[in-house]
Amino acid sequence: MKLIIAYIQPEKLNDVKQALFQADVKKMSVTNSLGCGQQGGYLETYRGVPTEVNLLKKIRLEIAVNDDFVDPTVDAIIRGAETGNIGDGKIFIVDLAECIRIRTREKGKVAIG
Amino acid sequence: MKLIIAYIQPEKLNDVKQALFQADVKKMSVTNSLGCGQQGGYLETYRGVPTEVNLLKKIRLEIAVNDDFVDPTVDAIIRGAETGNIGDGKIFIVDLAECIRIRTREKGKVAIG
Amino acid sequence: MKLIIAYIQPEKLNDVKQALFQADVKKMSVTNSLGCGQQGGYLETYRGVPTEVNLLKKIRLEIAVNDDFVDPTVDAIIRGAETGNIGDGKIFIVDLAECIRIRTREKGKVAIG
Amino acid sequence: MKKVVKCMAVLIMLMPAASPLLAQETAVAPAATIQPINVVWTLVAAFLVFFMQAGFAMVETGFTRAKNAGNIVMKNMYDFAVGSIVFFILGYGLMFGDSIGGLLGGSKFFLSSASPGSPDGLWQYAFWLFQCVFAATAATIVSGAMAERTKFVTYLIYSMVISAVIYPISGHWIWGGGWLSNLGFVDFAGSTVVHSVGGWAAMMGSIFLGARIGKYGPDGRPRAIPGHSIPLAALGVFILWFGWFGFNPGSTTSGENLSIGFIAVNTNLAAAAGALAAMATIWIKSGKPDVSMSLNGALAGLVAITAGCASVSPLSSIFIGLIAGIVVVLSVELFDFVFKIDDPVGAISVHGVCGALGTLLVGVFAEAPYAGEGINGLLYGGGFRLLGIQALGVLSVFAWTVVTTGILFLILKRTIGLRVSKSEELRGLDIEEHGMESYSGFQIFTNQ
Amino acid sequence: MKKVVKCMAVLIMLMPAASPLLAQETAVAPAATIQPINVVWTLVAAFLVFFMQAGFAMVETGFTRAKNAGNIVMKNMYDFAVGSIVFFILGYGLMFGDSIGGLLGGSKFFLSSASPGSPDGLWQYAFWLFQCVFAATAATIVSGAMAERTKFVTYLIYSMVISAVIYPISGHWIWGGGWLSNLGFVDFAGSTVVHSVGGWAAMMGSIFLGARIGKYGPDGRPRAIPGHSIPLAALGVFILWFGWFGFNPGSTTSGENLSIGFIAVNTNLAAAAGALAAMATIWIKSGKPDVSMSLNGALAGLVAITAGCASVSPLSSIFIGLIAGIVVVLSVELFDFVFKIDDPVGAISVHGVCGALGTLLVGVFAEAPYAGEGINGLLYGGGFRLLGIQALGVLSVFAWTVVTTGILFLILKRTIGLRVSKSEELRGLDIEEHGMESYSGFQIFTNQ
Amino acid sequence: MKKVVKCMAVLIMLMPAASPLLAQETAVAPAATIQPINVVWTLVAAFLVFFMQAGFAMVETGFTRAKNAGNIVMKNMYDFAVGSIVFFILGYGLMFGDSIGGLLGGSKFFLSSASPGSPDGLWQYAFWLFQCVFAATAATIVSGAMAERTKFVTYLIYSMVISAVIYPISGHWIWGGGWLSNLGFVDFAGSTVVHSVGGWAAMMGSIFLGARIGKYGPDGRPRAIPGHSIPLAALGVFILWFGWFGFNPGSTTSGENLSIGFIAVNTNLAAAAGALAAMATIWIKSGKPDVSMSLNGALAGLVAITAGCASVSPLSSIFIGLIAGIVVVLSVELFDFVFKIDDPVGAISVHGVCGALGTLLVGVFAEAPYAGEGINGLLYGGGFRLLGIQALGVLSVFAWTVVTTGILFLILKRTIGLRVSKSEELRGLDIEEHGMESYSGFQIFTNQ
Ligand SMILES: Nc1ncnc2c1ncn2[C@@H]1O[C@H](COP(=O)(O)OP(=O)(O)O)[C@@H](O)[C@H]1O
Ligand SMILES: Nc1ncnc2c1ncn2[C@@H]1O[C@H](COP(=O)(O)OP(=O)(O)O)[C@@H](O)[C@H]1O
Ligand SMILES: Nc1ncnc2c1ncn2[C@@H]1O[C@H](COP(=O)(O)OP(=O)(O)O)[C@@H](O)[C@H]1O
């Protein structure tokens, strides 16, 4: 089992969700995040003072999947999030030692989906 | 050492906190999260337009524990969060390679608690 | 590759960012978090009712780095966040199985930086 | 004109002070030139009092949690909407109709006393609007104390009954030519008529409802449930203070009555003093100038001066404000720690307790030069006479409100129910009762 | 004075009802004592109507998303700023200048009719201010319907044109001595003159813009895009309701005209009834008392009573409010589900549809004792005559507004463009058009 | 009546323009019928000016960070509460008491000039309230510039001193019959008396405090610290604009004075022009129509027209507004980039600089038909005479305020301290000074 963590542009969340649904990945968790990446930030002005904003708004996805679902999930995220521009985001994959469904106390593979 | 990530219903946070305290787990980190799971979302209406909300509000807990604390922690979370309904949440466990307390630079087991 | 998760005091974020930049770590993700740690919380009063606040505001950093960057990154975080007081925060390190840049689909070491 | 008892009472009350002027005016100027300024003044004041609804909505929203914000504003809007309609149909007649034994009015339903064909007939409309916004104020006070756990539909029914029946009847006793006014009871702008009625109804509602989940720990100790927007609450207090300049000076329902000047000054000074005293009190007790209690202090001063604003000197107004500011803090703590009645916004203490207090203090601070000939409080040689009458009025209205709203809430509890389910309360009334969130897009810890 | 047509029209209209009084006054009191109360009343009313700008800003901000909040308030502030200047230069003259064939005014540009040297000259200033805030109201209605996707600079140009030309010309027909007023068309405070013009312009703007991204699914079904702050929206509605007490009663532009009392009462009752009816309707249809639709209901009642507030009885006002409250809900759904015109705040239904509705209902509910001798609607023996004139007025103004704003938006679309780019819309207009965020520090899901 | 110098000054000033009317009125109508309209007008205006406190609170809250929001509203509420009490005790007497050598007043403490027994005695109350809300305006301006880092208790002491002593004394010079008024200095509604005093005090406070942590980078370059709620800031500006209709036209303290019409028009046009000019200026300079600077522009126009609103034509008002709108942007940047004085809300530029500017521009744009016989500015044949007197007044008040508030802040700094500790400032004044958060439940990045 793997835990997939993805950072994407906020406005792409709907597209990514669609792509994941099509790939039959229907469970996920979403948080707000600020990110610093290759997209160096941009210049805002406030009251005439130029300000470099280098923590950009991002969406953080966390998706736990069984091993055979890793590639489809990654592909779906890329499909939904890619625009070709800097700032499109990144995907991190971590080994998942265990997964437990609270309601049923099921563990492992069956609990994930 | 393990990193336990749990998604629970927001209104169960207090119960889970109590259960964890009783299990002598007193350190944790909490974030807001939106989740998509088996609980398929629900129907809201706004200005007469029915809207399917499928990102539900959840609380994300992150708790780093030594290995012998994993089971008591998981049990405590389940005790606090379980109602038997869909949406009760899920627990993910990840191996923790290292843990460092910033103040003392202590590492490993002693740093966790 | 490692995923470094750090909890720090909100007011130290700028210092930590500076320290990381000096250590040539320029990518990171930041979220808000509430934390329970050794810093036991503090007493607020609201309308004359004393209230123990035991979920304190923290900043959560997530930084994916190549293995040779782990120590410099940890050092930089400590340098920026340390005040010597309880509540300074904690660093957790998790193995990172894979890293993918969405824009280019690059994987692994090259994708991280 | 002779039916406009409140207005009359005011005129009579102020006569001794202002009479040389008023008499003269009435003699010299033709009646026709007198009316417009009174109608304009009364309407402008009514508009300001209407605006207090926005103040209540903001205070109550600000002092409660984000997950119930939409529900609170709905309650504030609909007690006014319902109240306007039923006060038109029934309430006004019970309050200002021809008195049946000094107990209630029996005519003027559907505003039948007004007509577009004569100056007096036209004046009745303006007077009705002024009274209507007062009735709605009494009703809306309750929403704060019952916030975050009351069923919406139950609240609508409650607000209908208070505006149609409960408020008008005790109001009749004092402003409608009823028995209390005949005794010489002084409540110029409604510390008792409006605020105490609202405050005691709030108390009964809160008792019948019980405390919000999480308000009292297993040990019975109260916990703070902080409000979600102090800026909106502060805005609400500013709006209320602003509206009070219609509430008190407007209660002359006469712009010719030059007393409106000192009534406005008294109103302002009492509010300022109330704010200062409450801040000082909570600062001493808890070590910090608590914002929400300080805001309550300004309101406490305003409520307290409402009864006596046309009967006391500016200096006395400062004292009344100071006393109210101290009392409101002690009272909030009394209800919270001792009686364990959960009142999220402090409505019982601000409106009930300080309304009663302010009414009693008229019996202490009233002075003939302001109050009218022969009307003196304890400190100005009037002895205990006025104080006694004031106490009688306070107690009568307390008894009336507690009994009637008690019966009302009991019936509602037994029938459609007062309170939402536990899970609705936890998830928030906005989602459960109205199917939406008030702060869409914002990340909010809804576990609070 | 004879040029102040609106005021005159009003006086004449109300004469029969109030004339014994007014005549008498005019006879007895010297002219000099009459003026101040009228100037004071008109100014105070104008201030209240000005404050409605804040109400619109809050309603529109509250009903849209956080990422566009700064842009909305800018539009609300600048349509007023631009409108004030161009109405001073051009608009007022087109509306109230000497009539050219009953179609438009041709003098009084740069407020040249006013002068500081005489009472009448001074009065003109007050009258101008009152008219200026009305013009700005019509302009600002549109910002809500075009919210979250319109280019800022385009919006500035649109608001310049509507305040300078489009609103004043149809306004001239009705209030400036133009052809509709000569026919006996009744629109006392502007259901048609102000609200319908704004509402139909909003409709055209919304059509030319197209719906917001995400508003309609691939299946064409509408989706909810919830507003980000219900408390601010509710505050806005309270402010609007408050301001409407200037809008309607103030439209006498005379404080001596004692009809202001029943006009205020009618305004209040229709708003209350509108709120109740809309809540009931949406409750029945969707199972929940939707907050945002309920707030729209109060506004619908207010818009609908605006035309007839000086012509109908309080009881009729309640009926007008009830009808408007039901219609506004149906209309919102019609535009949303059937016409698929994306109107984030319901401006078309509230102002356009209920403005027209209210104007027509004058032809049903008008009663001579209120409206003036011989002016009776369908229910009071007047037959279809008045209703016919009202319908003619409604249609003429609809046609005028749809055609002129249609041309305007077409030109704007073809030249500088109406709409921001897709990515600007997604990221939010605050960042893209103004370079900042409205809620700095708050965590907001900007993907919504 | 002869002691009411400001009012008198106004009457005299306006006499030439309106005198045929006024004289006539006074002759024909009995005195008793004149008073009510003046009292009503003055009170309504005072209420509007009071409401500006809410406007200041919202603007200052909106333009600062969420972690200090409660602290800001407390400062706004308590400078008014403290100010009301001390102005009652001391300030009013120093300002309007019998003049001691044209420098300060020496009677009327505790409002002893008022009494409930006569029309004039009653009038004094209304006049006091109007003056009291003005004094509080001057005090509250400062809270914005000192926001986010000032100790609460220090702020309370400062606000006591300014309302009790500093503001009243320079006010006496101009409105209390002091030396500047005798020279013919024109400051009708207080560009200098109120706004400049507040603005210069704000400047001194900001200098003594130093900049907020993080405002200036290690390279000395300013950084933006964005406000946390643009909608509340915009609401505040709308409320201020609304309140200004009490501030300026109300300064006639006479509803009979028909000049109130053009004063209101001037006020509105200058605000609109100021908003437009500021937006255009910042748009050109930074490429975007910055919201917060645009909002400042409307306020700049309002402040600038305050001195001359009764002395210039509507067209001149537009020019004054335009100039102020440009100047405010340049001034904000001057203080921010060059002087490096950290003023979170732009109070120094809006109130200090534009207050002085507006006062000087009276000497340029004043015209006899509006200003009164013989009062002409540079452009209308008056030469440099008036401009010279205006400059003298501006400089005198600048010197007075800078010196006295300088001493005050120095003493406060040396004794109880001006500024909170570094960690308090970082964590936010709400938690540290008041023990609570203003937006409980919301997730906010408090590192900002
Ligand atoms: N090494 C990293 N550690 C943590 N988060 C990262 C890292 N690299 C990127 N991110 C996250 O991913 C987001 C997008 O990264 P970015 O570098 O802009 O994309 P790109 O892959 O196009 O260079 C960042 O804003 C940040 O939140
Ligand atoms: N595979 C997953 N990956 C990431 N988050 C998940 C996953 N499954 C569940 N979650 C999180 O857990 C929450 C509860 O899951 P849910 O499926 O509703 O519970 P149940 O176990 O009763 O089916 C979800 O809202 C989501 O936030
Ligand atoms: N075991 C843990 N699991 C999860 N989060 C932790 C853990 N220990 C600490 N934290 C996070 O780190 C923050 C700082 O920890 P704290 O104990 O106060 O620091 P210290 O190391 O000085 O004792 C906490 O508020 C919490 O968010």
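Above this note sits the structure.
So, a few notes on the structure that sits alongside this text. Here the residue numbers are simple positions, counted from 1 along each chain's written sequence. Chains carry letters and ligands carry numbers; both start at the beginning, A for chains and 1 for ligands, and go up in the order they are written. Given that the model is predicted, a residue must reach a pLDDT of at least 70 before its local features are reported, and side-chain atom pairs must reach 80 or more before they are shown or counted; all residues, however, enter totals for whole chains, interfaces and linings. Only hydrogens and water are set aside when side-chain values are computed; all heavy atoms of the structure are taken into account.

### Thoughts on the overall build of chain D
The secondary structure content of chain D amounts to 16 helices and two strands. In this description the radius of gyration comes from C-alpha coordinates, and the expected globular size is given by 2.2 Å times residues to the power 0.38. Radius of gyration (C-alpha) of chain D: 21 Å, near the 22 Å computed for a compact globule of 448 residues. Dimensions along the principal axes, computed over C-alpha positions, put chain D at roughly 70 × 50 × 40 Å. Note on contacts: a residue pair qualifies if any of its non-hydrogen atoms lie within 4.5 Å across the two residues. In chain D, the share of contacts with a sequence separation of at least 24, taken over all contacts with a separation of at least 6, comes to 78%. Shrake-Rupley sampling with a 1.4 Å probe provides the accessible areas, and residues are treated as covered by the protein chains on show and by no other component. When the accessible surface of chain D is split by element, carbon and sulfur atoms take 69% of a total near 10,800 Å². Charged residues are defined here as Lys and Arg on the positive side and Asp and Glu on the negative side; His and the ends of the chain fall outside this count. To locate a charge, take atom NZ for lysine, CZ for arginine, CG for aspartate or CD for glutamate. Between the averaged position of the 22 positive side-chain charges in chain D and that of its 22 negative side-chain charges there is a distance of 8 Å. Helix and strand labels come from DSSP, where a helix needs a run of H or I of at least four residues and a strand needs a run of E of at least two; each type is numbered from the N terminus.

### Structural notes on the site of ligand 1
Any residue with a heavy atom lying within 4 Å of a molecule or strand is counted as near it. The immediate surroundings of ligand 1 are formed by 22 residues, with A:Gln38, C:Ser29, C:Ala64, C:Arg101 and C:Arg103 found nearest. Chains contributing residues to the immediate surroundings of ligand 1 are chains A and C. Pairs of N or O atoms within 3.5 Å make up the polar contacts considered here, provided that, within protein, one atom can donate a hydrogen while the other can accept it, and that residues adjacent in sequence are counted only when both atoms are side-chain atoms. One nitrogen or oxygen atom from the side chain of A:Lys90 is found 3.0 Å from a nitrogen atom belonging to ligand 1. Note that an oxygen atom of ligand 1 is positioned 3.0 Å from one of the side-chain N or O atoms of C:Arg103. Notes on ligand 1: free accessible area 550 Å², of which the protein chains cover 99%. Gly counts as polar in this scheme, as do all residues outside two lists: the nonpolar Ala, Val, Leu, Ile, Met, Phe, Trp, Tyr, Cys and Pro, and the charged Asp, Glu, Lys and Arg. Partitioning the shell around ligand 1 into residue classes produces eight nonpolar, seven polar and seven charged.

### What to know about the site of ligand 2
With respect to spatial proximity, 22 residues lie near ligand 2, and among them A:Ser29, A:Ala64, A:Arg101, B:Gln38 and B:Lys90 are the closest. Site remark: ligand 2 is flanked by residues from chains A and B. In this structure, A:Arg101 approaches ligand 2 through a side-chain N or O atom, which is 2.9 Å from an oxygen atom. Taking A:Arg103, its side chain carries an N or O atom lying 3.0 Å from an oxygen atom of ligand 2. Contact with the protein chains covers 100% of the free accessible surface of ligand 2, which is 550 Å². Those elements that place two or more of their residues in the shell around ligand 2 are β2 (28-36) and β5 (56-65) of chain A together with β2 (28-36) and β6 (89-95) of chain B. Residues belonging to the shell around ligand 2 are distributed by class as follows: eight nonpolar, seven polar and seven charged.

### Quick notes on helix α1 (residues 13-22) of chain B
Residues and elements named next belong to chain B. Only protein chains enter the calculation, and the probe is 1.4 Å; a residue is then buried if its accessible area is under 20% of its type maximum, exposed if over 50%, and partly exposed in between. Burial in α1 covers these residues: Leu 13, Val 16, Lys 17, Ala 19 and Leu 20. Looking down the long axis of α1, one finds its buried residues gathered within 165° of arc, a one-sided arrangement. The positive-phi residue at the C-terminal boundary of α1 is Asp 24, with phi of around 65°. Each direction from the helix axis to a C-beta atom contributes to the arc, which is the arc of those directions.

### What about unusual backbone geometry?
All names here are of chain C. Of note, Asp 24 is a non-glycine position whose phi angle comes to about 65°, a positive value. Mapping Asp 24 onto the fold places it in the loop between α1 (13-22) and β2 (28-36). When its relative accessible area of 49% is taken as the criterion, Asp 24 is described as partly exposed.

### Describing the interface of chain D and chain E
On the chain E side, the residues contacting the 63 residues of chain D number 64 residues. Reported buried area values correspond to the accessible surface (1.4 Å probe) lost by two parts on association, with both partners' losses combined. Across the interface of chain D and chain E, roughly 5,100 Å² is buried in total on both sides, 82% from carbon and sulfur atoms. Looking only at chain D, the three residues that lose the most surface to chain E are D:Phe47, D:Met77 and D:Phe442, adding up to 13% of its buried area. Salt bridges are identified by distance alone: a Lys or Arg side-chain nitrogen within 4 Å of an Asp or Glu carboxyl oxygen. For the pair chain D and chain E, the number of links is zero salt bridges. Run the count over chain D and chain E and you get seven residue pairs in polar contact (both at pLDDT 80 or more). Breaking the side of chain D that touches chain E down by element, the ones donating at least two residues are α2 (31-62), α3 (69-96), α4 (119-145), α5 (152-175), α8 (230-247) and α16 (429-434) of chain D. At 18 residues, the largest contribution of residues to the side of chain D that touches chain E is made by α2(D).

### Some thoughts on the relation of the copies chain F and chain D
Between the two copies of the chain lies a relationship made up of a rotation around an axis and a movement along it. Rotating chain F by 120° and translating it 0.0 Å along the rotation axis places it on chain D, where the RMSD comes to 0.0 Å. The two molecules are tied by a three-fold rotation axis, judged by turn and shift. Distance from the rotation axis, computed per C-alpha, reaches its smallest value in chain F at F:Gln443: 3.4 Å. Looking at the interface residues of chain F, only 17% of them are also at the interface in chain D, so each copy uses its own face. Alignment of the copies relies on least squares applied to C-alpha atoms, considering only residues that score at least 70 for pLDDT in both.

### Looking at the packing of aromatic side chains
A pair of aromatic rings is counted whenever rings of Phe, Tyr or Trp (Trp by its six-membered ring) have centres within 6.5 Å, and the orientation is called stacked for planes under 30 degrees apart, edge-to-face for over 60 and tilted otherwise. For the structure shown, the criterion picks out 109 aromatic pairs over all chains. When the ring of D:Phe47 is compared with that of E:Phe245, the centres are 4.7 Å apart and the planes differ by 5°; the resulting orientation is stacked. Of the two residues, D:Phe47 is situated in helix α2 and E:Phe245 in helix α8 (residues 230-247); the pairing between them involves two chains. Each member of the pair D:Phe47 and E:Phe245 is classed as buried. Considering the side-chain rings of D:Phe245 and F:Phe50, the 5.5 Å spacing of their centres and the 75° angle between planes classify their relative orientation as edge-to-face. Separated into two different chains, D:Phe245 in helix α8 and F:Phe50 in helix α2 (residues 31-62) make up a pair that spans both. Grouping aromatic residues by their ring pairs yields a cluster made of D:Phe87, D:Phe88, D:Tyr92, D:Phe96, D:Phe110, D:Trp123, D:Phe127 and D:Trp128.

### Some thoughts on helix α2 (residues 70-81) of chain C
Between its first and last C-alpha, α2(C) extends 16 Å over twelve residues, near the 16 Å set by a 1.5 Å rise per residue. Among all positions in α2(C), only C:Val70, C:Thr73, C:Val74, C:Ala76, C:Ile77, C:Ile78, C:Gly80 and C:Ala81 are buried. Packing partners of the buried residues in α2(C) comprise β7 (98-101) of chain B together with β1 (2-8), α1, β5 (56-65) and β6 (89-95) of chain C. The span you would expect from a helix comes to 1.5 Å times its residue count less one.

### Description of the side chain of D:Ser84
Take D:Ser84: it is sitting in helix α3. Assessed through its relative accessible area of 0%, D:Ser84 is described here as buried. Sequence-distant contacts of D:Ser84, that is, excluding residues within four places in its chain, are made with D:Trp128, D:Cys132, E:Asn268, E:Leu269 and E:Ala272.

### Describing the pattern of salt bridges
Residues and elements named next belong to chain E. Applying the stated criterion across every chain yields a total of 51 salt bridges over all chains. With a shortest N-O distance of 3.0 Å, Glu 148 and Arg 65 are connected by a salt bridge. With a gap of 83 residues between them, Glu 148 in the loop between α4 (119-145) and α5 (152-175) and Arg 65 in the loop between α2 (31-62) and α3 (69-96) connect regions that are remote in the sequence. Accessibility classification places Glu 148 together with Arg 65 in one group, the buried group. Residue Arg 221 pairs with Asp 219 through a salt bridge whose shortest N-O separation is 3.8 Å. Pair check on accessibility: Arg 221 and Asp 219 agree, each one exposed.

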